[in-house]
Amino acid sequence: MKSFLEKIRKPENSIDIKMQIMSTVGIILFGFAIGVVQKWIDSLPSNVFPLLFPQLDIGNYFGRLAIWILLGTVISVYFKTPIRAAINTFSFFISMLAGYYLYCNYILGFFPKAYMMIWLVISITSFFMSYICWYAKGEGIISIIISSVIIGVLFSQAFLITQGFYITHLLEVITWIIGIIILYRNPNEFAIELGLSVVIAFVYQLVIPYWG
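Computed from a predicted model, the values in this text were never measured in an experiment.

**Q** Give me the packing of aromatic side chains: which residues, what numbers.
**A** Per the counting criterion, the structure on display carries 18 aromatic pairs. Look at Phe62 and Trp68: their rings are 6.2 Å apart centre to centre, the planes differ by 55°, and that puts the pair in the tilted class. For Phe62, a relative accessible area of 22% corresponds to the partly exposed category. Ring centres of Trp68 and Phe93 lie 6.4 Å apart, and the angle between their planes is 65°; on these two criteria the pair is classed as edge-to-face. Pair noted here: Trp68 is in helix 5 (residues 66–77) and Phe93 is in helix 6 (residues 82–108), with a separation of 25 residues, a long-range link. Each member of the pair, Trp68 together with Phe93, is buried. Each member of the aromatic cluster is reached from another via a ring pair, and the members are Phe30, Tyr61, Phe62, Trp68, Phe92, Phe93 and Trp119. A cation sits over an aromatic face here: Arg9 above Trp134, 4.1 Å from the ring centre.

In structure tokens, the structure reads:
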């Protein structure tokens, strides 16, 4: 199995332990800050922000899946090994949840436990998903399929394609474009990647009508 996975993408173990710890601590602090800022934005009335905020639905954007899939992908693919990708992605989501729900509990005075449990399950799942996602920047058909799934899910959050063709959210369209840039491949593989992603998005919306 190890040799099979290394043919897709070979881990690099050149970074020392000190740098690995520092990067994980940085991601934890970043995740915590994102969680606090997200809940702070949620707690304020929309009229305190510039008109662009409600027009783009920025507050609800952070309550949908696309941005978190993108951030998880970015963290995953740019680390040197799949286990480092898994540890750091999980650390990001757990620290984000901690910031979000500590702000809820100690600043706003309420604690939505049921909603938190949903995101806790997603955070735990992110450890395993990011391990797989790391191979999206590798080579061969397995890598193409993995990156196609990521782009396809982002596509399904940005467009509705089972009942015509509609843009659902502008920010999700931007998120999808960024995902394409991150997972870009050589032209021939990129064409396959995009084609597969549309099929995956279509199936996704048939099985789970717009969710996220």
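**Q** Please give an account of helix 2 (residues 17–43) that cites residues and values.
**A** The first and last C-alpha atoms of helix 2 sit 39 Å apart over 27 residues, in line with the 39 Å expected at 1.5 Å per residue. All of the buried residues in helix 2 are Gln20, Thr24, Ile27, Gly31, Gly35, Gln38, Lys39 and Ile41. Where helix 2 is buried, its residues touch helix 4 (58–61), helix 5 and helix 6.

**Q** How would you sum up the nonpolar core? Please name residues and give values.
**A** Counting 44 residues, the largest nonpolar core has Trp68, Tyr101, Ile150, Phe159, Trp176 and Leu183 as the members making the most contacts within it. When residues in this core are grouped by element, the largest group, eight residues, is from helix 6. Setting aside its immediate chain neighbours within four residues, Phe159 contacts Phe165, Tyr166, Ile167, Thr168, Val173, Trp176 and Gln205.

**Q** Give me the side chain of Ser130: which residues, what numbers.
**A** With respect to the helices and strands, Ser130 occurs in helix 7 (residues 113–133). Classification of Ser130 as buried rests on a relative accessible area of 3%. Within polar-contact distance, the side chain of Ser130 engages the backbone oxygen of Ser126 at 2.7 Å. Not counting chain neighbours up to four residues away, the residues in contact with Ser130 comprise Ser76, Ala85, Ala86 and Thr89.

**Q** Can you break down the pattern of salt bridges residue by residue, with the values?
**A** One pass over the full model with this rule turns up three salt bridges. Between Glu12 and Lys80 there is a salt bridge whose closest N-O contact spans 3.8 Å. Taken together, the residues span a long stretch of sequence, with Glu12 in the loop between helix 1 (2–8) and helix 2 and Lys80 in the loop between helix 5 and helix 6 at a distance of 68 residues. Residue class for Glu12 comes out partly exposed when judged on its relative accessible area of 43%. You can call Lys80 partly exposed: its relative accessible area is 35%. Residue Glu189 is joined to Arg185 by a salt bridge in which the shortest nitrogen-to-oxygen separation is 3.1 Å. Owing to a relative accessible area of 8%, Arg185 belongs among the buried residues under this scheme.

**Q** Provide a residue-level description of the environment of Leu5, including the pertinent values.
**A** Following the sequence through the fold, Leu5 ends up in helix 1. You can call Leu5 partly exposed: its relative accessible area is 22%.

**Q** An account of a nonpolar patch on the surface is requested, with residue identities and associated values reported.
**A** On the surface, Met1, Phe4, Ile141, Ile142, Ile145, Val149, Ile192 and Leu196 cluster together into a nonpolar patch covering about 730 Å² of accessible area. Within the residue set of the nonpolar patch, elements represented by two or more residues are helix 8 (141–158) and helix 10 (187–207). Looking at the nonpolar patch, the element that brings in the most residues is helix 8, giving four residues. Here Val149 shows up in helix 8.

Parameters at a glance
- Residues numbered from 1 in each chain as written.
- Predicted model: local features only at pLDDT ≥ 70, side-chain atom pairs only at ≥ 80, totals over all residues.
- Heavy atoms only, no water.
- Phe/Tyr/Trp six-rings, centres within 6.5 Å; stacked < 30°, edge-to-face > 60°.
- Buried < 20%, exposed > 50% of the residue type's maximum accessible area, 1.4 Å probe, protein only.
- Helix = DSSP H or I, 4+ residues; strand = E, 2+ residues; numbered from the N terminus.
- Lys NZ or Arg CZ within 6 Å of the ring centre and 35° of its normal.
- Expected span 1.5 Å × (residues − 1).
- Contact = heavy atoms within 4.5 Å.
- Core = buried A, V, L, I, M, F, W, Y, C linked by side-chain atoms within 4.5 Å.
- Polar contact = N/O pair within 3.5 Å; in protein donor to acceptor, adjacent residues only side chain to side chain.
- Salt bridge = Lys/Arg side-chain N within 4 Å of Asp/Glu carboxyl O.
- Patch = residues over 30% accessible without salt bridge, like charges linked within 9 Å, V, L, I, M, F, W, Y side chains within 5 Å.
- Areas by Shrake-Rupley, 256 points an atom, 1.4 Å probe, with all protein chains shown as cover.

The quantities given are spatial measurements derived from coordinates; they are silent on function.
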